[in-house]
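The primary structure of each chain is shown beneath.
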Amino acid sequence: VQLQASGGGLVQAGGSLRLSCAASARTFSTSAMAWFRQAPGKEREFVAAIRWSGGSTSYANSVKGRFTISRDNAKNGVHLQMDSLKSEDTAVYYCAAGGAIILSAIRAPSSYGYWGQGTLVTVSS
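Let me begin by describing the structure that accompanies this report. (Residues numbered from 1 in each chain as written. Predicted model: local features only at pLDDT ≥ 70, side-chain atom pairs only at ≥ 80, totals over all residues. Heavy atoms only, no water.)

Attention now moves to the state of the cysteines. Taken as a whole and judged by the stated rule, the model has one disulfide. Bridging Cys-21 to Cys-95, the disulfide has an S-S length of 2.2 Å. Its S-S torsion of about 60 degrees marks the bond between Cys-21 and Cys-95 as right-handed, since a negative value means left-handed. Of this pair, Cys-21 sits in strand β3 (residues 17-23) while Cys-95 sits in strand β9 (residues 91-99); the two residues are 74 residues apart in sequence, bridging distant segments of the chain. You can call Cys-95 buried: its relative accessible area is 0%. (Disulfide = S-S within 2.5 Å. Helix = DSSP H or I, 4+ residues; strand = E, 2+ residues; numbered from the N terminus. Buried < 20%, exposed > 50% of the residue type's maximum accessible area, 1.4 Å probe, protein only.)

Following this line, the structure appears as structure tokens:
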């Protein structure tokens, strides 16, 4: 499975961006997709995830209420709608997909076996 992320760019604080992630295929083993981000000098951190079956979602506290993850069944992928962006949201955003992920591990990067190339989001203050 190959993942292609897009939609990053430069936006002013308070603005919005919509990231997209398209997968080359979805296997029956894909149970969840997620977005992570990595700011310069920092570790990769969890942003949001969605379970393919049922569509339940999970968000990092720092983005809850501002970001929305959704499925794109036509492209076997996901979107990340980002509103009320802050300068601290500046990072490279990565989409990821994984199979057989238990709920308690949905925020762990190690749970995901497939990663996209990343798309840069820059929020100017």
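After that view, the rundown keeps rolling.
Located in the positive-phi region is Asn-76, a residue other than glycine, with phi close to 50 degrees. Of note, Asn-76 is situated in the loop between β7 (67-72) and β8 (77-82). In this model, Ser-84 sits at a positive phi of 50 degrees, which is unusual for a non-glycine residue. As for its placement among the helices and strands, Ser-84 is situated in the loop between β8 and β9.

The next point concerns the packing of aromatic side chains. Per the counting criterion, the structure on display carries four aromatic pairs. Aromatic side chains Phe-36 and Phe-46 sit 5.7 Å apart centroid to centroid with 75 degrees between the ring planes, which places their arrangement in the edge-to-face category. One end of the pair, Phe-36, is in strand β4 (residues 30-38); the other, Phe-46, is in strand β5 (residues 45-51), with 10 residues separating them in the sequence. Arranged with centres 5.1 Å apart and planes meeting at 50 degrees, the rings of Phe-36 and Trp-115 form a pair that is tilted. One end of the pair, Phe-36, is in strand β4; the other, Trp-115, is in strand β10 (residues 114-115), with 79 residues separating them in the sequence. A relative accessible area of 0% means that Phe-36 is categorised as buried. An aromatic cluster is present here, built from Phe-36, Phe-46, Tyr-112 and Trp-115 joined pairwise through their rings. In this structure, Arg-44 is placed above the aromatic ring of Tyr-94, and the distance from its NZ or CZ to the ring centre is 3.9 Å. Above the plane of the ring of Trp-115 lies Arg-44, whose end atom (NZ or CZ) is 4.8 Å from the centre. (Phe/Tyr/Trp six-rings, centres within 6.5 Å; stacked < 30°, edge-to-face > 60°. Lys NZ or Arg CZ within 6 Å of the ring centre and 35° of its normal.)

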